[in-house]
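# Understanding the architecture of this molecule
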Amino acid sequence: MVQAGTAEDEVVRLCQELIRIDTSNPGDHSGPGERVAAEYVAEKLAEVGLEPTLLESRPGRASVVARIEGEDPGRDALLLHGHLDVVPARAEDWTRDPFGGEIADGCVWGRGAVDMKDMDAMILAVVRERLREGRRPPRDVVVAFLADEEAGGRWGARWLVDEHPELFEGCTEAVGEVGGFSLTVPGDRRMYLIEAAEKGLAWMRLTASGTAGHGSMVHPDNAVTAVAAAVARLGSHEFPIRLTKTVRAFLERTCLAYGVEFDPDHPEKCLEEIGPLARMIGATLRNTLNPTRLDAGYKVNVIPQEATAQVDGRFLPGHEEEFFATVDELLGPNVTREFVHHDLAVETEYEGALVAAMEAALTSEDPGALPVPYCLSGGTDAKAFARLGMRCFGFAPLRLPPDLDFSGMFHGVDERVPVDGLRFGVRVLDRFLDRA
Ligand SMILES: [Zn+2]
């Protein structure tokens, strides 16, 4: 018996229950895995007549995919995707149990509340309501709930794309995280940031080799000195501003919203207006390099033969070559680099019927909505689906209160999502599916 109730009623409970299933992903398979959450999702989809496919890439690492037949199966299909894993949480740092899914102060609290069990719950609630009411989407919609996004998707989206691409047959467009959330701007209006691009990533291990020896002697060939110098050069390098079309569109529309003139010579000017979000948007104006790890030696008076460091590099769409040319120049002669992880930058045109559907769905639920494209400084499963040729967007609609530091919630302590935001998201997603 399928439980009655609207998607708006159901979304909150679905989000709470998903949060209560611990899917922490430390990145080394030592976590609980996504299997229990995947079974939960599969059951919710099967209850409304779908035939979900549950697949394990490794024991416990499960993803779920289902296809909803549209009114016109001849049209290209749309993929809606969310990840089931979360980053770990240290309970002692939190005000509330990170896996409690409690409701307090008008929010659902817990790890994954915004990244991204909120969207998982929204997709589930909307799909369930539509199927209960016999409302098919205009075209085939594939829904995917994925493992391992927080560790790069090797055992989730990337594995599915490599091993089971048939599940995504006909999908030319994809909608997932991180976008659709609001930023309050003057005049009681809200910009809604729709992700149309993502920086690429180059996580690199640097290695310097030298001559081992006694710390008391003259020693010009010291691996620690060499790697430290390279790290300092990389970490303090500032790349020039390169305005991609997505970032330019974001800055122009943001300037307009705040009544600031867009200055192409100082495009970063309007970032002063947008509060904490400037940390993320600021990183999309240029390539970046951030040293994150150092490792060398075993005793204070022994010079080791080798010293290593790790650096988190991010490059803009269209600027990968420039990025690596600069890195190699900065490395210097005795330091080599290899990838810990390397993934592409993605960017799609912010135009067309799907964009129009997102914008119309937002403005019909929030007349003060100002949809804007933006580039994410991080990476998502969109990178995997872009490999299959899909145009990828981040659109997990949430209307947020003006004072919530939303970008700080991602992987943050006391992660929480407003209940009203979830309900709003469900209404927008439903309208979006009518038009998509
Ligand atoms: Zn996420």
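Just so it is clear, the structure is predicted and the values come from calculations on it, not from any experiment.

### Overview of the domain arrangement of the protein chain
Parsing the protein chain into structural domains produces domain 1 (7-196 + 346-434) and domain 2 (202-343). Centre-to-centre separation of domain 1 and domain 2, based on C-alpha positions: 30 Å. With 31 residues of domain 1 at the contact, the number on the domain 2 side is 22 residues. For the pair domain 1 and domain 2, the summed buried surface comes to about 2200 Å²; carbon and sulfur atoms form 65% of the total. Considering only the side of domain 1, the residues that lose the most area to domain 2 are E347, C375 and S377, jointly responsible for 26% of the buried surface there. For the pair domain 1 and domain 2, the interface holds four salt bridges. A salt bridge links D343 to R158, with the nearest nitrogen and oxygen atoms 3.9 Å apart. One can count three residue pairs in polar contact (both at pLDDT 80 or more) joining domain 1 with domain 2. Mapped onto the side of domain 1 that touches domain 2, the elements with two or more residues apiece are β8 (181-185), β9 (189-198), β16 (346-347), β17 (369-376) and α11 (406-409). If one sorts the elements of the side of domain 1 that touches domain 2 by residue count, β17 sits on top with seven residues. Across the side of domain 1 that touches domain 2, the residue classes break down as 16 nonpolar, eight polar and seven charged.

### Comments concerning the UniProt feature "domain: Peptidase M20 dimerisation" (unreviewed entry) in the protein chain
As recorded in UniProt, the feature "domain: Peptidase M20 dimerisation" (unreviewed entry) lies at residues 197-322. When the span residues 197-322 is considered, its composition is 29% helix and 28% strand, and the gap between its end C-alpha atoms is 18 Å.

### Some thoughts on helix α2 (residues 35-46)
Spanning 12 residues, α2 covers 16 Å between terminal C-alpha atoms, matching the ideal 16 Å at 1.5 Å per step. Among the residues of α2, A37, A38, Y40, V41, A42, K44 and L45 are the ones counted as buried. Tucked into the core, α2 has its buried residues touching α1 (7-20), β1 (53-58), β2 (61-68), α3 (117-132) and β6 (141-146).

### Digging into the coordination of the zinc ion
Around the zinc ion, the protein contributes the donor atoms H83 (NE2), D115 (OD), E177 (OE) and E177 (OE), which lie 1.8 to 2.6 Å from the metal centre. Relative to the metal, the four donor atoms surrounding the zinc ion lie at angles of 54 to 154°, and the coordination shape comes out irregular. Considered as a linear motif, the donors of the zinc ion on their single chain read H-x31-D-x61-E. Highlighted residues: H83 in strand β3 (residues 77-83) and E177 in the loop between β7 (171-176) and β8, separated in sequence by 94 residues. You'll find H83 and E177 in the same group, each marked buried.

### Structural notes on helix α5 (residues 223-236)
Look at α5: 20 Å from first C-alpha to last across 14 residues, which is about the 20 Å you get at 1.5 Å a residue. Inspection of α5 places A223, V227, A230, V231 and L234 among the buried residues, and these make up the whole buried set. Take α5 and look down its axis: the buried residues cluster within an arc of 100°, on one side only. In α5, those exposed residues whose orientation departs by more than 90 degrees from the buried face are T225 and S236. Where α5 begins, the side chain of N222 points an oxygen toward the backbone nitrogen of V224, at a separation of 2.8 Å.

### Some remarks on unusual backbone geometry
M116 follows D115 through a cis peptide bond whose omega is -10°. Mapped onto the elements of the fold, M116 is located in the loop between β5 (107-109) and α3. A cis geometry characterises the amide bond from E177 onward to V178, with omega recorded as -15°. You can see V178 is positioned in the loop between β7 and β8. Even without a glycine there, the phi angle at D105 is positive, about 50°. Inspection of the secondary structure puts D105 in the loop between β4 (103-104) and β5. Despite not being glycine, H411 shows a phi value in the positive range, around 65°. When you line up the elements, H411 lands in the loop between α11 and β19 (416-418).

### Overview of the pairing of β7
β7 sits mainly inside the fold: five of its six residues count as buried. Across four bridges, β3 lies against β7 in parallel orientation. By the bridge assignment, L79 is partnered in β7 with A174. The pairing of β7 with strand β18 (residues 391-394) spans four bridges and is parallel. Opposite E173, over in β18, you have R391 as the bridge partner.

### Concerning the sheet that holds strand β14 (residues 306-315)
An order of β12-β14-β10-β15 is seen for the four strands of this open sheet, with the pairing classed as antiparallel. Across the chains shown, the open sheet's two edge strands, defined by having one partner strand only, are β12 (288-296) and β15 (335-343). Across the sheet, the mean angle from the axis of one strand to that of its neighbour is 20°, orientation sign disregarded. For strand β10 (residues 200-209) and β15, the ladder comprises eight bridges, and the chain directions are antiparallel. Its bridge partner being in β15, R205 is matched across the sheet by E338. Across the sheet, α5 touches β10, β12, β14 and β15, and the angle it forms with β14 is around 15°.

### Quick word on the environment of R75
For R75, the location among the structural elements is in the loop between β2 and β3. Considering only alpha carbons, one finds R75 and G170, 95 residues apart in sequence, at a separation of 8.2 Å. Dropping the residues within four chain positions of it, R75 is found in contact with P138, R139 and A436. Of the polar contacts made by the side chain of R75, one reaches the backbone oxygen of A436; its length is 3.5 Å.

Parameters at a glance
Residues numbered from 1 in each chain as written. Predicted model: local features only at pLDDT ≥ 70, side-chain atom pairs only at ≥ 80, totals over all residues. Heavy atoms only, no water. Domains from an automatic or database assignment. Contact = heavy atoms within 4.5 Å. Buried area = accessible area lost by both parts, 1.4 Å probe. Salt bridge = Lys/Arg side-chain N within 4 Å of Asp/Glu carboxyl O. Polar contact = N/O pair within 3.5 Å; in protein donor to acceptor, adjacent residues only side chain to side chain. Helix = DSSP H or I, 4+ residues; strand = E, 2+ residues; numbered from the N terminus. Nonpolar A, V, L, I, M, F, W, Y, C, P; charged D, E, K, R; others polar. UniProt positions renumbered as here; feature names shortened; annotations may be inferred. Expected span 1.5 Å × (residues − 1). Buried < 20%, exposed > 50% of the residue type's maximum accessible area, 1.4 Å probe, protein only. Donors = N, O, S within 2.8 Å, 3.2 Å for Na, K, Ca; no water. Tetrahedral: all angles 85-135°; square planar, octahedral: opposite > 155°, others 65-115°. Arc of directions from axis to C-beta. Pairing = 2+ DSSP bridges. Axes fitted to C-alpha atoms, helices over the stretch in contact; angles between N-to-C directions.

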